[in-house]
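One letter stands for each residue in the lines below.
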Amino acid sequence: MSAFPAADLACPDPAGCPVADRLPRLRTTSVRAGTAWYRVYNATWGYDEHNPGYGDARFSPIDDPTDGNRLPSMYLAATPAAALLETVFHDVHHDSGRIVYERNMRGMLLAHVRAPAVARLADLRDPELERLGLRREQVVSSDAEHYPCTRRLAVAALGQARGGRSIQGLIWHSRQAELAGRDQLEVMVLYGGPRYSSTRGSWRLFGPGASSLFDGPGRLLVDEIAENLSAIIELEG
C-alpha cells in the first residue's frame, strides 16, 4: 500500500472548469546542465531534495503514468524574485489582501543552485500555449481550486514520451511574476525518481548558497519584494 494519500485529480466544478480537458501533442525543450535556478524550500528537506509526494500544488503531487508510483517533485524559478513570488507571495495579487505572515517564513530558505544534468521538459511557455490555441488560464494560471485539473494535465504531459525518452518535468511562465508587473520569467517543476534522477549534493550551490527568509540577506529580499507589491508583512504577536 502506498504511503501517500491518493493523488487528487477530481475537478471541483466540472460544469465551470476553466482548465483544458486535454493537451495537444507538446513540444519539448531542454535545460542545460549547470544552468542557474532558484528554489524556495522548507528546511524539513535538503536544498536539493525533492518533495517526496505531499502538498497541493499546480502540477504535484501526481503519480507516474508509466507505473502508478508517486513522483517526487521540485519547483524552481529563473530568478530569486520569481521563486519568492511563486511561494511566499503566491497569494498576493491584484484582487487579494496584500498580507504575508512572518510566521510562514520560519524554516523557509532560498537556495541558489545549478542543475546537475540536462532536463527534458514539456514546453508550456506562453508562445507554445498560443501556438496550441490554449489560453494561460487553461493550463498554467488557473486558481488553486482547480489544481486537481492541472495535475491531470501534468499526468497527460508525462505520458507523451517520444523515441523512448521520457519527459522529466514541465516549464512555463510565472503567473505571479506577471501579476507583479515583471517580465516573463520561467518556472519549472522537475519530477524525481526514475524521471530526473539526482543524488543529494549533486545540485551545486553557488553565490550565497542557501539563505533563510526569516532574517539576513534572504529577509532583505523578501522585504524588497513586499515593498514593490505594496504588501504588508504581518509580524507575529
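A. Broad picture of the layout of surface pockets. Approximately 1,100 Å³ is the volume found for the largest pocket. Mapped onto the lining of the largest pocket, the elements with two or more residues apiece are strand 2 (36-42), strand 3 (73-77), strand 4 (99-101), helix 4 (175-179) and strand 8 (186-191).

B. Inspection of the packing of aromatic side chains at higher detail. Taken as a whole, this structure holds 5 aromatic pairs when the rule is applied. When the ring of Tyr-75 is compared with that of Trp-172, the centres are 6.4 Å apart and the planes differ by 85°; the resulting orientation is edge-to-face. Pair noted here: Tyr-75 is in strand 3 and Trp-172 is in strand 7 (residues 169-173), with a separation of 97 residues, a long-range link. For Tyr-75, a relative accessible area of 28% gives the class partly exposed. Linked through ring pairs, Phe-59, Tyr-75 and Trp-172 together constitute an aromatic cluster. Geometry around Phe-214 places Arg-106 over its ring, the cationic atom sitting 4.2 Å from the centre. When the ring centre of Phe-206 is taken as reference, the NZ or CZ atom of Arg-114 above it lies at 4.3 Å.

C. Region of the structure containing helix 5 (residues 216-228). Over its 13 residues, helix 5 runs 19 Å from end to end, which matches the ideal 18 Å to within 8%, given 1.5 Å per residue. Among all positions in helix 5, only Gly-218, Arg-219, Val-222, Ile-225 and Ala-226 are buried. The buried residues of helix 5 all sit within an arc of 120° when viewed along its axis, so they share a single face. Within helix 5, the exposed residues directed more than 90 degrees away from the buried face are Pro-217, Leu-220, Glu-227 and Asn-228. Looking at the packing, one finds that the buried side of helix 5 touches helix 1 (80-85), strand 9 (204-212) and strand 10 (232-234). The positive-phi residue at the C-terminal boundary of helix 5 is Ser-230, with phi of around 55°.

What counts and what doesn't
Along each chain, residues carry numbers from 1 onward, in the same order as the chain's sequence is written. Local features in this predicted model are restricted to residues of pLDDT 70 or higher, and side-chain atom pairs are both shown and tallied only at a pLDDT of 80 or more, whereas totals for entire chains, interfaces and linings draw on every residue. Note that water and hydrogens are dropped before the side-chain values are worked out from all heavy atoms of the structure. Grid points spaced at 1 Å over the protein atoms alone were grouped into cavities, where a 1.4 Å probe fits but cannot get out, and pockets, open sets with protein on both sides within 12 Å along at least five of seven lines, with lining residues defined by an atom within 4 Å of a point. Grid points are joined across faces, edges and corners, and a volume is the space filled by probe spheres set on the points. Elements are defined by DSSP. Helices are runs of H or I of four residues or more, strands are runs of E of two residues or more, and each kind is numbered from the N terminus. The criterion for an aromatic pair is that two Phe, Tyr or Trp rings (for Trp, the six-membered ring) have centres within 6.5 Å, with stacked assigned to planes under 30 degrees apart, edge-to-face to planes over 60 apart and tilted to the rest. Exposure classes here rest on a 1.4 Å probe applied to the protein chains alone. A residue is buried below 20% of its type maximum, exposed above 50%, and partly exposed in between. Note on criteria: charge over ring means Lys NZ or Arg CZ within 6 Å of the ring centre, with the direction from the centre no more than 35 degrees off the ring normal. Each helix should span, by expectation, one fewer than its residue count multiplied by 1.5 Å. The reported arc concerns the directions from the helix axis to the C-beta atoms and nothing else. Should any heavy atoms of two residues lie within 4.5 Å, those residues are considered in contact.

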